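These are the residues of each chain, in order.
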Amino acid sequence: MNAQKTYAGPWRVGVDIGGTKIEAALVSPAGEIVASERVPARPGNEAVLDDVTALVRSVAGHLGDPKSSIAAVGVGTPGQVDSATGRIAHVVNLGIEELELGALAGERLGVPVHVENDVNAAAVGAARALCGNDTSGTIVCLNFGTGLAAGVVTDGRVVHGFSGAAGEIGHVPVDPNRFPCPCGQRGCLETVCSGASVARLWPRTIDGRPPMPDLIDRARAGEFAAQRVLAMVMHAIADALQMIGQAYDPRMIVLGGGMAKTGDPFVQVIREELREREADCPFLAGLKLGERLRLAPVDINLGALGAALCA
């Protein structure tokens, strides 16, 4: 996608680091993605650093005005992120134990590089994509990826918490099935309602179909095994939504990640679970959590957009 017009003022580049690809987006002062490029992700500190800096330089070449320049770069990445220093650690899928990504990339590029957790970056991108310039109040993005986590944005800014763990609801050990979690606990929410856990609980898909839409369709068709697994998953998702709703009272809860690409059927089964709970609880009914749900746009790289805005 090439830039169609130019803007006066600063431009930013956002980089979304994933387990299989790295994508960079050129973002205008108006908050619009006007060009993007991606490469397959390669493991290792030097490979990631090389790919990030090369992509930033390449996508910056789409600037139509030679007087314009990149003012800042934002990077969204999985793993443990110190957003104050730009240090990342334990990015397992890419073989990174520790990397001073912000400082090293900034030295190479000659501009400030801000590093943010990927879910937080996606939350900022979702807030902008769905609300435009009015990002007042609190907006939470619940990401159903390999794990389960929430990005919390208040008045357009990420809520990190004291240690950066705000929104890490995937490791709250409340699920009654008590499945073991890699974090060392049992019963973490992400052992039941993350994308990886649903694939483990429902490995029966046909012709490579994603587990979530297959699970919903088979449960709707009356297949008992599918109904049992779907009930388990929806119970955990509703628990997560109640935690978000009662802890943050957000104006909007954005459903993102691979499972959310199921679309409206995914939202429908969640709302059905919430309505069942509301039937016996006037307090919960008054929160109207189902009305606050939105699907994350699938035609925008929210991680790259949000990373640029965080910068």
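Check the entry above for the structure.
Bear in mind that the values here come from a model prediction, so they are computed numbers and not experimental data.

> Looking at this model, I keep getting lost on the pairing of strand β12 (residues 252–256). Mind explaining?
Across a regular strand the side chains alternate sides, sitting on one face of the sheet and then on the other. Of all five residues that make up β12, five are buried, and the element is covered over most of its length. As defined by bridge partners, strand β9 (residues 138–144) adjoins β12 across five bridges and the pair is classed as parallel. Looking across to β12, one finds that C141 is bridged to V254. As paired strands, β12 and strand β13 (residues 293–295) are joined by three bridges and run parallel to one another. Note on β13: the bridge partner recorded for V254 is R294.

> Is there a simple way to explain the state of the cysteines in this structure?
By definition, a disulfide links the sulfur atoms of two cysteines through a covalent bond. Going through the model one piece at a time under the given rule, you end up with zero disulfides. This cysteine, C183, is not joined by any disulfide, and C181 carries the nearest cysteine sulfur, 3.7 Å off. Left without a disulfide partner, C188 is nearest to the cysteine sulfur of C183, which lies 3.7 Å away.

> Whenever I open this one, the layout of surface pockets confuses me. Can you help?
Regions of empty space are outlined by a rolling probe, equal in size to a water molecule, passed over the atoms. Size it by volume and the second largest pocket reaches roughly 290 Å³. V124, G156, R157, L309 and C310 are, among the 15 residues lining the second largest pocket, the residues nearest its centre. For the lining of the second largest pocket, the secondary-structure elements that each account for two or more residues are β8 (113–117), α3 (118–131), β11 (157–158) and α11 (302–310). The element contributing the most residues to the lining of the second largest pocket is α3, with three residues. Classifying every residue of the lining of the second largest pocket by side-chain character gives six nonpolar, six polar and three charged.

The rules behind the values
Residues numbered from 1 in each chain as written. Predicted model: local features only at pLDDT ≥ 70, side-chain atom pairs only at ≥ 80, totals over all residues. Heavy atoms only, no water. Buried < 20%, exposed > 50% of the residue type's maximum accessible area, 1.4 Å probe, protein only. Helix = DSSP H or I, 4+ residues; strand = E, 2+ residues; numbered from the N terminus. Pairing = 2+ DSSP bridges. Disulfide = S-S within 2.5 Å. 1 Å grid on protein atoms, 1.4 Å probe; cavity = no way out; pocket = protein on both sides within 12 Å on 5 of 7 lines; lining within 4 Å. Points joined across faces, edges and corners; volume = space filled by probe spheres on them. Nonpolar A, V, L, I, M, F, W, Y, C, P; charged D, E, K, R; others polar.

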